[in-house]
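# Structural overview for review
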Amino acid sequence: MKKLLIGLVAAGVALSAAACKGDDAGGGAKTYTIGIANFLLSGPYFSGMDNAIAAQAKTKGNVRTISTDAGGDAAKLAANVEDLLSKNVDAIIISGGPLESAPAALNAIKAAGKPVVLVDRKFAVGEYTSWIGPDNEAIGKQDGQFLSQRLTGGGKVAVIKGGPADNSIGLARTSGLKSVLGKDSRFTLVEAPDFGNWGSDGGLTVMEGLLTQHPDLVAVFCENDAMCLGAQRAIASANKTGQIVLAGVDGQAEALKAILDGTNYVVTGLNSPNVIGKLALDRTVNVLGGAKVEKDTVVPSPQITKETAAQYLNS
């Protein structure tokens, strides 16, 4: 699977190189300016995506990027897109984070006649040139299958959701888990009443409440690794590390380290911002070079356990 991920990135690099061979008026390679419109950069996943896009651009030699951060404000995202367009960028990459739709931003890009590539988040409405991201339901299903096989005696499994209630990425991940454990009579699923807001501190707070209400938990599934890392701290403080295992999503470095070290963090599913970011930059350059590209590209999300964590830790 790792070879497949490397192959995907390598293919994108090769295609981008071919797309950039057109000469400008001065006889050199055509230069592109690509805007990166981030809904928020406060989380490690989203900042990692932004960094990966910018780093891949630097490998081209003829691509520069302009990055913006809306700080979680949809109106600010639209304003940032307008600002990028005013700077005459050639294309825009949107990292929407937990944002479900961005009609104003997409409409402005369409009106300007520019291509737009979406990463990770595929908006519910609006026109876009291409999207690159994971199969979130499949990742949740993988986690469910792992827990089902590991916890042969069954038990009570808690779910920590990122929020808000209509977040399609989180819903897909939890739906995948439920498709396995929800149909297994050995298990009982309990959803935390509050959202962890996709962060470590939120995961810790939600986990503290779950431990009060459900001291007999045997496992916790979190819709991302950051919340699970916080939940792990709460579990340790309650002296329940030997009782409760954790399953997450994303492949965040700290989670991989915890898995590799043999802690009670036992599994996650790779949703690499590094891989997706590189592929997105390559895809955008390909579009600008006139290449015909896939509308939607699902990036493989291999399961990561103690046996495989080392190979992904520095990828």
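Report follows, based on the coordinates.

## Focus on the overall build of the protein chain
- Per the secondary structure count, the protein chain includes eleven helices and twelve strands.
- A compact globule built from 315 residues should have a C-alpha radius of gyration of about 20 Å, and the protein chain, at 20 Å, falls within 12% of that.
- Seen along its three principal axes, the alpha-carbon backbone of the protein chain occupies a region of about 70 × 40 × 30 Å.
- The proportion of buried residues among the 315 residues of the protein chain is 54%.

## Some thoughts on unusual backbone geometry
- P164 follows G163 through a cis peptide bond whose omega is -10°.
- Mapped onto the secondary structure, P164 falls in the loop between β6 (155–160) and α6 (168–181).
- Positive phi values are uncommon outside glycine, yet N197 reaches one of about 55°.
- Mapping N197 onto the fold places it in the loop between β7 (187–191) and α7 (200–213).
- With relative accessibility at 60%, the residue N197 sits in the exposed group.
- In the Ramachandran plot, D250 falls in the positive-phi region, its phi being about 130° despite a non-glycine side chain.
- For D250, the location among the structural elements is in the loop between β9 (245–247) and α9 (253–260).
- What makes D250 buried here is its relative accessible area of 8%.

The rules we used
- Along each chain, numbering runs from 1 in the same order as the chain's sequence is written.
- Whole-chain, interface and lining totals are the exception, using all residues; otherwise, since this is a predicted model, local features are given only for residues with pLDDT of at least 70 and side-chain atom pairs are given and counted only at 80 or more.
- Note that the side-chain values use all heavy atoms of the structure and ignore hydrogens as well as water.
- Numbered from the N terminus, helices here are DSSP runs of H or I no shorter than four residues, and strands are runs of E no shorter than two.
- Computation of the radius of gyration draws on C-alpha atoms, with the globule rule given as 2.2 Å multiplied by the number of residues to the power 0.38.
- Buried residues are those whose accessible area, probed at 1.4 Å on protein chains only, stays under 20% of the maximum for their type, while exposed residues exceed 50% and partly exposed ones sit between those limits.

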